[in-house]
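Fold and contact review
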Amino acid sequence: MAVLLTKHLRLSPCCPADRADFIALEQDPDVMRFLNGGHPVDRAKAGPDASFLMPEGNEPHVWTARRTDNGAFVGWFCLWPESETLAELGYRLARGEWGRGLASEGAAALVGWGFECAGYDRIVATTMAVNLGSRRVMEKIGMTYARTEHGEWADPIPGCEQGEVWYEVTRPIRS
């Protein structure tokens, strides 16, 4: 995996030294609000079947995001391959970094890399319908709404009754 540089971010392949930062994100109720209702994650109890990604620092498709000016931890981004031509975009940012355009900046860089270097033809992303911030990020990077799915939640959280929205973007046609 490549290191991706944007105006404000350095996205580098995650490593075990990032694990403490990843775990800190999972302890913030605001960060986890749309993933598990805002409960701090107990990794000892959340097994491998958790419905959301909990990076350990050794995942081959997760990039750690740090500020280019001071190296401060911002969050993580992933581009998880579903097939040779399809990947799913994910991201989680520290609450103090919200509202600064960093999610869009990092996600756009990763989507660009996915098309240009990884050879994906389509990239998708999902979030709860009520997660307007994440939906705005997807729209800002050129993704379009594809569908809403309604499913059964083992432990329903507020807003889940409105479903999960899917967004997607396809590789630009080269001339």
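A brief structural summary. All values derive from a computational prediction rather than experimental measurement.

**Here we look at the nonpolar core**
Counting 30 residues, the largest nonpolar core has F77, L79, L89, L110, I123 and M143 as the members making the most contacts within it. Going through the elements one at a time, β2 (9-13), β3 (62-67), β4 (73-81), β5 (86-93), α3 (102-116), β6 (122-128), α4 (132-140) and β8 (164-170) are the ones with two or more residues in this core. With seven residues, α3 is the largest single contributor of residues to this core. The residues touching L110, leaving out its near neighbours within four places in the chain, are L4, W63, F77, C78, L79 and L89.

**Structural notes on the pattern of salt bridges**
Tallied over the entire structure, the rule returns ten salt bridges. Taking the shortest distance from any N to any O, the salt bridge between E56 and R19 comes out at 2.5 Å. Placement of the pair is E56 in the loop between α2 (29-36) and β3 and R19 in helix α1 (residues 19-27), with a sequence separation of 37 residues. According to the relative accessible area criterion, E56 is partly exposed, its value standing at 31%. The residue R100 makes a salt bridge to E97 at a minimum N-O spacing of 3.9 Å. The exposed category is assigned to R100, whose relative accessible area is 53%.

About the cut-offs
- Residues numbered from 1 in each chain as written.
- Predicted model: local features only at pLDDT ≥ 70, side-chain atom pairs only at ≥ 80, totals over all residues.
- Heavy atoms only, no water.
- Core = buried A, V, L, I, M, F, W, Y, C linked by side-chain atoms within 4.5 Å.
- Buried < 20%, exposed > 50% of the residue type's maximum accessible area, 1.4 Å probe, protein only.
- Helix = DSSP H or I, 4+ residues; strand = E, 2+ residues; numbered from the N terminus.
- Contact = heavy atoms within 4.5 Å.
- Salt bridge = Lys/Arg side-chain N within 4 Å of Asp/Glu carboxyl O.

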